[in-house]
Amino acid sequence: MFLTNLFGLKRTCTHDKITPDMDSGYCPDCGKLIKNEWYITRCACCGVKMRACAKNGEIYPQNHYCTNCGSKEYTVEKIEKINFVDINFAVLQKTEINKDELPTTTQCWEERRGGQPRLTVKYL
Ligand SMILES: [Zn+2]
Ligand SMILES: [Zn+2]
């Protein structure tokens, strides 16, 4: 992606100051809005939880095969709220949120709504 290449130099920030107990926050090192997201992996066959790990943004189970049924198929599940049971299986991913994608001001939205009635076609 063009934008990623443009700011490629800053991609090395690991956002260490965004600690796992936070939901999200601005990284003091790079200024990006970071969201903490927890994922676990499960066996696709028997549904048992498998300890997850992550590499290059990809999430996969630590074990290649399920210790319960021997399957190598797995599913990745996002956890909304981490708890002390799942934390043993979960992997934390720090996701950068693009500020441009967030709704900026309410004024912007009102303008758009206010403009809509003018779209009605008048036949003269
Ligand atoms: Zn950072
Ligand atoms: Zn299994």
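Source: prediction; values computed, not measured.

**With respect to the overall build of the chain**
Piece 1. Helix and strand counts for the chain come out as two helices and seven strands.
Piece 2. Starting at the N terminus and ending at the C terminus, the chain contains elements arranged as α-β-β-β-β-β-β-β-α.
Piece 3. For the chain, with 124 residues in total, the buried portion stands at 11%.
Piece 4. Relative to all contacts within the chain whose residues are 6 or more apart in sequence, the contacts with residues 24 or more apart total 48%.

**Quick notes on the nonpolar core**
Piece 1. Of all hydrophobic cores here, the largest spans ten residues; its members are Trp38, Ile40, Cys43, Met50, Ala52, Cys66, Tyr74, Phe89, Ala90 and Val91.
Piece 2. Counting residues per element, this core draws most heavily on strand E2 (residues 33–43), at three residues.
Piece 3. When sequence neighbours within four positions are dropped, the list of residues in contact with Trp38 reads Ile79, Ile82, Ala90 and Leu92.

**As for the environment of Thr41**
Piece 1. Here Thr41 lies in strand E2.
Piece 2. Overall, the presence of 23 C-beta atoms within 10 Å leaves Thr41 in the buried class.
Piece 3. Separated by 36 residues in sequence, Thr41 and Glu77 place their C-alpha atoms 5.9 Å apart.
Piece 4. Not counting residues up to four positions away in its chain, the partners in contact with Thr41 are Met50, Ala52, Ile59, Tyr60, Pro61, Tyr74, Thr75 and Val76.

**Section: the pairing of E2**
Piece 1. Strand direction decides the pairing type here: strand E1 (residues 24–26) and E2, joined by three bridges, are antiparallel. Looking at E2, one finds that Gly25 is bridged to Ile34.
Piece 2. Pairing between E2 and strand E7 (residues 91–97): seven bridges, direction antiparallel. By the bridge assignment for E7, Tyr39 is matched with Val91.
Piece 3. Bridging between E2 and strand E6 (residues 74–79) involves six bridges; their strand directions are antiparallel. The residue of E6 that forms the bridge with Tyr39 is Lys78.
Piece 4. Two elements, E2 and strand E3 (residues 49–50), share two bridges in a ladder whose sense is antiparallel.

**Describing unusual backbone geometry**
Note: most residues except glycine have negative phi, and most peptide bonds are trans.
Piece 1. Positive phi, close to 55°, is recorded for His15, a residue that is not glycine.
Piece 2. With respect to the element layout, His15 can be found in the loop between helix H1 (2–6) and E1.
Piece 3. Judged by the 18 C-beta atoms lying within 10 Å of it, His15 falls in the partly exposed class.

**Thoughts on the confidence of the model for the chain**
Close inspection of predicted coordinates is inappropriate in any region flagged by low pLDDT.
Piece 1. Mean pLDDT for the chain: 80, with 71% of residues reaching 70 or above.
Piece 2. Taken as a whole, residues 105–122 scores under 50 in pLDDT and shows one contact with residues more than four places along the chain or in a different chain.

**Section: the environment of Thr12**
Piece 1. With respect to the helices and strands, the residue Thr12 is situated in the loop between H1 and E1.
Piece 2. Distance from Thr12 to Cys30, taken between C-alpha atoms, is 9.8 Å for residues 18 residues apart in sequence.

Calculation criteria
Throughout, a residue's number is its position along its own chain's written sequence, starting from 1. To label them, take the chains in the order written and letter them from A, then take the ligands in the order written and number them from 1. Given that the model is predicted, a residue must reach a pLDDT of at least 70 before its local features are reported, and side-chain atom pairs must reach 80 or more before they are shown or counted; all residues, however, enter totals for whole chains, interfaces and linings. Secondary structure elements follow DSSP: runs of H or I no shorter than four residues count as helices, runs of E no shorter than two count as strands, and numbering proceeds from the N terminus. Residue burial here comes from a neighbour count, namely the number of other C-beta atoms, placed from the backbone, that lie within 10 Å of the residue's own C-beta, with 20 or more meaning buried, 12 or fewer meaning exposed, and in between meaning partly exposed. Contacts are defined on C-beta atoms placed from the backbone: any two residues whose C-beta positions lie within 7 Å are in contact. For our purposes the nonpolar core covers buried Ala, Val, Leu, Ile, Met, Phe, Trp, Tyr and Cys residues that link as a set through C-beta atoms within 7 Å. In this analysis, strands are considered paired if DSSP registers two or more bridges between them. The predictor rates its confidence in each residue with pLDDT, a number between 0 and 100.

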